[in-house]
Amino acid sequence: MPSPELPPLPALTRAEGELIDRYLDVVDLLGRINPARPGDTYRGLRAAQALVSRAVELRDALALMHQRGETELHAATLERALRVLDGERRTARVTLPARSAS
């Protein structure tokens with residue numbers, strides 16, 4: 001059975017697309033660093049080292065939007081883009097996992 005087709009990405013400016021991509025890069029790295037998740041320290045260290053440059057790229061994407069006069073984030077459109085790009089699963093890795101029954 002073929003996999004279900006993903007909904008199309010909403011129309012984004014190039015700068016909005018860059019913002020979404022850089023945001024998800026940062027989220028993915030934070031998920032790898034999350035001390036409440038299993039993993040080894042080396043993986044977290046590598047993610048933390050990469051986070052520095054990705055945070056700069058995220059800042060630059062926002063600065064470029066602002067310089068181009070894109071001073072408002074269109075939250076509904078950006079939210080749809082994040083959902084299409086699996087943002088819910090990716091951001092869930094940053095939060096605390098559900099408590100286990102003890």
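Up top you'll find the structure we're talking about.
Residues numbered from 1 in each chain as written. Predicted model: local features only at pLDDT ≥ 70, side-chain atom pairs only at ≥ 80, totals over all residues. Heavy atoms only, no water.

Visitor: Which parts of the structure should I look at to understand the overall build of the protein chain?
Guide: A count of helices and strands for the protein chain gives four helices and zero strands. Listed N to C, the secondary structure of the protein chain is α-α-α-α in terms of helices and strands. For the protein chain, whose C-alpha radius of gyration is 16 Å, the value lies well above the compact-globule estimate of 13 Å for 102 residues. Burial statistics for the protein chain: of 102 residues in total, 23% are counted as buried. (Helix = DSSP H or I, 4+ residues; strand = E, 2+ residues; numbered from the N terminus. Rg over C-alpha atoms; globule rule 2.2 N^0.38 Å. Buried < 20%, exposed > 50% of the residue type's maximum accessible area, 1.4 Å probe, protein only.)

Visitor: Quick question: what am I supposed to make of the side chain of Glu16 here?
Guide: Mapped onto the elements of the fold, Glu16 is located in helix H1 (residues 14–33). A distance of 2.9 Å separates the side chain of Glu16 from the backbone nitrogen of Thr13, its partner in a polar contact. Sequence-distant contacts of Glu16, defined by excluding residues within four places in its chain, comprise Ala11, Met65, Glu70, His74 and Leu78. (Polar contact = N/O pair within 3.5 Å; in protein donor to acceptor, adjacent residues only side chain to side chain. Contact = heavy atoms within 4.5 Å.)

Visitor: What am I meant to see in unusual backbone geometry here?
Guide: Glycine aside, residues mostly have negative phi, and peptide bonds are mostly found in the trans state. For Asp86, which is not glycine, the phi dihedral falls at a positive 65°. Structurally, Asp86 is set in the loop between helix H3 (75–84) and helix H4 (87–92). The class of Asp86 is partly exposed, set by a relative accessible area of 32%.

Visitor: What am I meant to see in the nonpolar core here?
Guide: Where a protein is soluble and globular, its nonpolar side chains tend to be buried together. If you look at the biggest cluster of nonpolar residues, it comprises nine residues: Ala15, Leu19, Ile20, Leu24, Val26, Leu58, Met65, Leu78 and Ala81. Broken down by secondary-structure element, the contributors of at least two residues to this core are H1, helix H2 (41–67) and H3. At five residues, H1 tops the list of elements feeding residues into this core. Setting aside anything within four residues of it in sequence, one finds Val26 in contact with Leu51, Arg54, Ala55 and Leu58. (Core = buried A, V, L, I, M, F, W, Y, C linked by side-chain atoms within 4.5 Å.)

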